[in-house]
Amino acid sequence: MKKFDYSLNYEELDLRKHPELYTVGRGEQGVLMVEPYKSEILPYWRFKTPEIAKESSKKIYELFLTYKKNNDFIGMDMARKFLQMGYTRARRYTNHKGGRKYSKQDGSVLPYQNDPVKAESAAIFKAQWEIAKQDEHYIQMKKQHREKYESETPD
């Protein structure tokens, strides 16, 4: 599996036109870089309250389904990454007020808290993320993308 390529100029690169340059990577890698998807999905990404998280995760999943209908694997993968990031960021805010995990002064881990509102937001995103990442069409397209564009071939 290839690593996500952070050296590309994502601000000027349209990966819808150049799918061969997209690397799935691990987890959320590239979620705030890959265009035009970042600009299409980011405006809907919110998790402040459970109500906002429900609306946000629903809209992002609708985008996932639109990308699926258009056989746009990169769009599906980016929507999946935004759903995953909704979960991980909401969990961070659940555990650390203000979302900061480490102290600016000495880098130590700040005290944990338990914000039940953010925990509910995280659970909402996690449920939607699980549905997306287990979608059979998504799984098949991911496999095909990796075989076609990410397989390491000897020189």
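Scroll up to find the structure this text is about.
The rules behind the values
- Residues numbered from 1 in each chain as written.
- Predicted model: local features only at pLDDT ≥ 70, side-chain atom pairs only at ≥ 80, totals over all residues.
- Heavy atoms only, no water.
- Helix = DSSP H or I, 4+ residues; strand = E, 2+ residues; numbered from the N terminus.
- Rg over C-alpha atoms; globule rule 2.2 N^0.38 Å.
- Buried < 20%, exposed > 50% of the residue type's maximum accessible area, 1.4 Å probe, protein only.
- Contact = heavy atoms within 4.5 Å.
- Areas by Shrake-Rupley, 256 points an atom, 1.4 Å probe, with all protein chains shown as cover.
- Lys, Arg positive; Asp, Glu negative; His and termini not counted.
- Charge placed at Lys NZ, Arg CZ, Asp CG, Glu CD.
- Salt bridge = Lys/Arg side-chain N within 4 Å of Asp/Glu carboxyl O.
- Axes fitted to C-alpha atoms, helices over the stretch in contact; angles between N-to-C directions.
- Parallel < 35°, antiparallel > 145°, perpendicular 65-115°, else oblique.
- Left-handed = near helix turned anticlockwise from the far one by under 90°.
- Patch = residues over 30% accessible without salt bridge, like charges linked within 9 Å, V, L, I, M, F, W, Y side chains within 5 Å.

Participant: Would you mind going over the overall build of the chain in detail, with residue names and values included?
Facilitator: A count of helices and strands for the chain gives five helices and zero strands. Since a compact globule built from 155 residues should have a radius of gyration of about 15 Å, the 17 Å found for the chain is in line with a globular shape. Each principal axis of the C-alpha distribution contributes one length, and for the chain these read about 50 × 35 × 25 Å. Counting every position in the chain, which comprises 155 residues, the buried fraction comes to 40%. Across the chain, the fraction of contacts at a sequence separation of at least 24, relative to all contacts at a separation of at least 6, is 65%. For the chain, the accessible surface area stands at approximately 9,300 Å², while carbon and sulfur atoms represent 50% of it. Averaging the coordinates of the 29 positive side-chain charges in the chain and doing the same for the 23 negative ones gives two points 5 Å apart.

Participant: I'd like a rundown of the pattern of salt bridges, residues and numbers included.
Facilitator: Scanning all chains against the criterion turns up 12 salt bridges. A salt bridge links K38 to E35; its shortest N-O distance comes to 3.8 Å.

Participant: Any details on the packing of helix 2 (residues 50–69) against helix 4 (residues 116–133)? Residues and values, ideally.
Facilitator: Orientation of helix 2 relative to helix 4, taken along the N-to-C sense of each, is 15 degrees, at an axis distance of 9 Å. By the angle class used here, helix 2 and helix 4 are roughly parallel. Considering how the two elements wind past one another, helix 2 and helix 4 form a crossing that is right-handed. Between helix 2 and helix 4, the residues in contact are P50, A53, K54, S56, S57, I60, Y61 and F64 and V117, E120, S121, I124, F125, Q128, I131 and A132, respectively.

Participant: Residues and numbers for the environment of K118, please.
Facilitator: Within the element layout of this structure, K118 appears in helix 4. On the basis of relative accessibility, which here comes to 14%, the residue K118 falls in the buried class. The spacing of K118 and Y87 is 31 residues in sequence and 9.5 Å in space, taken between C-alpha atoms. Residues in contact with K118, not counting those within four places in the same chain, are F47, K48, A90, Y93 and T94.

Participant: So what's going on with a nonpolar patch on the surface? Residues and values would help.
Facilitator: Side chains of Y102, V109 and Y112 sit close together on the surface and give an oily, nonpolar patch of about 330 Å² of accessible area. Summarising the element assignment, V109 is placed in the loop between helix 3 (73–95) and helix 4.

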